[in-house]
Amino acid sequence: MPSNSPSAPAHRPLPKAELHLHIEGTLEPGLAFALAERNGVTLPYATEDDLRRAYSFSDLQSFLNLYYALMAVLRTEDDFADLADAYLARAKEQGVRHAEIFFDPQAHTARGVPIGTVVRGLSRALDAAEENHGITTRLIMCFLRDESADSALETFEAARPYLDRITAVGLDSAEVGHPPSKFREVYELARQAGLKCVAHAGEEGPAAYVWEALDLLGVDRIDHGVRCLEDERLVARLVADRVPLTVCPLSNVRLRVVDDLADHPLPAMLDAGLLVTVNSDDPAYFGGYADDNFTAVRDALGLDEETLRTLARNSFLASFLDEETRAAYLKELDTF
Ligand code: HPA
Ligand code: ZN
């Protein structure tokens, strides 16, 4: 299966963990067209360049519309395996040593693709990732927050046969109007099943949603969370409990969460003592993979080498790795 050749940074990238990455958001135009042809799906774009021209977003929803539409090309186990393998090849070039990967089962089951097809396909690539790319991986199953709480519960029950392959549950899609409180019950079930919990909160939604994710869902990490800075007490809580935040700078610019990368709150978050990590979110759409985000914040915000190393270190500290592997990666970073 042809895919775009991995783009390597000009420098040797720091070893890092990617903790906020939607596998469906790694679908590059080249692979989208190849899969469309393989599956007899017609895309509403004549060429890859036409498709690329649609990558101009005004907010989260305008991105999500294209993100869900393009998923029509993902139909078979092979498609999901090829998608994940193409991501892992790129991630390796970007210094990613460990990846915790989101997937959106409801975006596929709604189109008639069984959850087993999705999990088996992704697992095939992830199981081979250490051997093929030298990357350890985890899988995080996200619920679509603009779907009902019952739909999330049904999805969790459908996923039960595959829970041995899933490390955590997450919450994504359109945030405003869909607070974490809506999903208490399914998070409780996930925790009872021994899964970790994360949730997108405080991207477009208010700081109150971050409180709810912490207090009502009991999350281990907050995805995005940039709006926590609007609430001093919340920042104090996140610092005291060492709750990691998976920040996605290029995503925040493309989805207009911040006006300009030079105004990004990342330095303020670090200064506040938050356990911040830098991640790529949906790199095929937002113009950069993991190290591209590191380079972009270095250049736009003037971060020094020590700060970049802190961000890389935080990524391993915030991961769901076992302690032995975490220690090995931290040592690799220290001696890099
Ligand atoms: N936010 C919410 N949902 C998403 C995102 C995001 O940045 N990317 C894919 N689903
Ligand atoms: Zn995200």
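For the structure, see preceding data.
Computed from a prediction, not measured in an experiment: that's the story for all the values here.

J.: Just checking my understanding: could you explain the overall build of the chain for this structure?
T.: Summing up its helical and strand segments, the chain has 17 helices and eight strands in all. Computed over C-alpha atoms, the radius of gyration of the chain comes to 18 Å, within 12% of the 20 Å expected from 2.2 N^0.38 for 336 residues, which places it in the range of a compact globule. The principal-axis extents of the C-alpha atoms in the chain amount to approximately 50 × 45 × 40 Å. Buried residues in the chain amount to 58% of all 336 residues. Pairs at least 24 apart in sequence give 77% of the contacts found in the chain among residues at least 6 apart. Accessible surface, the chain: about 13000 Å² in total, of which carbon and sulfur atoms supply 46%. Each charge sign in the chain was given a centre, from 32 positive and 56 negative side chains, and these centres are 3 Å apart.

J.: Help me understand the pairing of strand β7 (residues 244-247), please; the structure alone is not making it clear to me.
T.: A regular strand carries its side chains on alternate faces of the sheet. Judged by which residues are buried, β7 turns out to be covered on both faces: Pro244 and Thr246 on one side and Leu245 and Val247 on the other are all buried. Of the pairings in the sheet, the one linking strand β6 (residues 221-224) to β7 comprises two bridges and is parallel in character. Bridge pairing in β7 links Asp223 to Thr246. Note that the unit made of β6, helix α11 (residues 232-240) and β7 has a crossover that is right-handed. Where β7 and strand β8 (residues 275-278) come together, four bridges link them in parallel fashion. Residue pairing for β8: Thr246 is matched across the bridge by Thr277.

J.: Can you help me understand the site of ligand 1 in this one?
T.: Close to ligand 1 lie His22, Leu60, Phe63, Leu64, Tyr67, Asp172, Ser173, His200, Glu203, His224, Asp281 and Asp282. In the model, an oxygen atom of ligand 1 is placed 3.4 Å from a nitrogen or oxygen of the His224 side chain. Residue Asp282 places a side-chain N or O atom 2.7 Å away from a nitrogen atom belonging to ligand 1. Computed on the free molecule, ligand 1 has an accessible area of 260 Å², of which 100% lies beneath the protein chains in the complex. Element by element, the count of residues in the shell around ligand 1 is highest for helix α3 (residues 60-70), at four residues. For the shell around ligand 1, the class distribution of residues is four nonpolar, four polar and four charged.

J.: Is there a simple way to think about the packing of helix α16 (residues 305-317) against helix α17 (residues 323-334) in this case?
T.: Two quantities define a packed helix pair, namely the angle between the axes and the distance from one axis to the other. For the pair α16 and α17, the least separation of the axes is 9 Å and the interaxial angle reads 170°. Between α16 and α17, the angle is such that the two are roughly antiparallel. Contacts between α16 and α17 involve Arg309, Ala312, Arg313, Phe316 and Leu317 on the former and, on the latter, Arg326, Tyr329, Leu330, Leu333 and Asp334.

J.: Explanation requested: the coordination of the zinc ion (ligand 2) in the structure shown.
T.: Reference values for coordination geometry: four tetrahedral donors around a metal ideally subtend 109.5 degrees, six octahedral donors ideally subtend 90 or 180 degrees. Coordination of the zinc ion (ligand 2) by the protein involves His20 (NE2), His22 (NE2), His200 (NE2) and Asp281 (OD), with metal-donor separations of 2.0 to 2.2 Å. Coordination at the zinc ion (ligand 2) is irregular, judged from the four donor atoms that bind it and the angles of 82 to 175° they form at the metal. Between the donor residues of the zinc ion (ligand 2), the gaps in sequence give the motif H-x1-H-x177-H-x80-D. One end of the pair, His22, is in strand β1 (residues 16-22); the other, His200, is in strand β5 (residues 196-201), and 178 residues separate them in sequence. Both residues of the pair, His22 and His200, belong to the buried class.

J.: What am I meant to see in the packing of aromatic side chains here?
T.: Two measures describe an aromatic ring pair: the distance that separates the ring centres and the angle between the ring planes. By the definition in use, this model includes twelve aromatic pairs. An angle of 35° between the planes, with centres 4.9 Å apart, marks the rings of Tyr55 and Tyr285 as tilted. Pair noted here: Tyr55 is in the loop between α2 (48-53) and α3 and Tyr285 is in helix α14 (residues 283-286), with a separation of 230 residues, a long-range link. For the pair formed by Tyr55 and Tyr285, the shared burial category is buried. Note on Tyr285: relative accessible area 1%, which makes it buried.

J.: I keep staring at the pattern of salt bridges and nothing clicks. Help me out?
T.: Between side chains of opposite charge, a pair can form as their charged atoms come close. Applying the stated criterion across every chain, the model contains 18 salt bridges. Where Arg237 meets Asp215, a salt bridge forms, and the shortest distance between an N and an O atom there is 2.9 Å. Of this pair, Arg237 sits in helix α11 while Asp215 sits in helix α10 (residues 207-215), and the two are 22 residues apart along the sequence. Classification of Arg237 by relative accessible area gives partly exposed; the value is 24%. Of the residues examined, Asp215 reaches a relative accessible area of 47% and is grouped as partly exposed. Of the charged contacts in the structure, one is a salt bridge between Asp299 and Arg298, with a shortest N-O distance of 2.9 Å. Accessibility expressed as a relative area gives 54% for Asp299, which makes it exposed.

J.: Would you mind going over the sheet that holds β8 with me for this structure?
T.: Think of a sheet as strands paired side by side through backbone hydrogen bonds, with each pair either parallel or antiparallel. Strands sit in the order β1-β2-β3-β4-β5-β6-β7-β8 across an open sheet of eight strands; the sheet is parallel. Of all the strands in the sheet, the pair left with one neighbour each is β1 and β8. Between one strand axis and the next, the sheet turns by 25° as a mean value, whatever way the strands run. Where α10 meets the sheet, its contacts fall on β5 and β6, and the angle it forms with β5 comes to roughly 170°.

Basis of the calculations
- Residues numbered from 1 in each chain as written.
- Chains lettered and ligands numbered in written order.
- Predicted model: local features only at pLDDT ≥ 70, side-chain atom pairs only at ≥ 80, totals over all residues.
- Heavy atoms only, no water.
- Helix = DSSP H or I, 4+ residues; strand = E, 2+ residues; numbered from the N terminus.
- Rg over C-alpha atoms; globule rule 2.2 N^0.38 Å.
- Buried < 20%, exposed > 50% of the residue type's maximum accessible area, 1.4 Å probe, protein only.
- Contact = heavy atoms within 4.5 Å.
- Areas by Shrake-Rupley, 256 points an atom, 1.4 Å probe, with all protein chains shown as cover.
- Lys, Arg positive; Asp, Glu negative; His and termini not counted.
- Charge placed at Lys NZ, Arg CZ, Asp CG, Glu CD.
- Pairing = 2+ DSSP bridges.
- Right-handed = clockwise from strand over helix to strand, strands pointing away.
- Near = heavy atom within 4 Å.
- Polar contact = N/O pair within 3.5 Å; in protein donor to acceptor, adjacent residues only side chain to side chain.
- Nonpolar A, V, L, I, M, F, W, Y, C, P; charged D, E, K, R; others polar.
- Axes fitted to C-alpha atoms, helices over the stretch in contact; angles between N-to-C directions.
- Parallel < 35°, antiparallel > 145°, perpendicular 65-115°, else oblique.
- Donors = N, O, S within 2.8 Å, 3.2 Å for Na, K, Ca; no water.
- Tetrahedral: all angles 85-135°; square planar, octahedral: opposite > 155°, others 65-115°.
- Phe/Tyr/Trp six-rings, centres within 6.5 Å; stacked < 30°, edge-to-face > 60°.
- Salt bridge = Lys/Arg side-chain N within 4 Å of Asp/Glu carboxyl O.

Interpretation in functional terms is not warranted from these geometric data alone.
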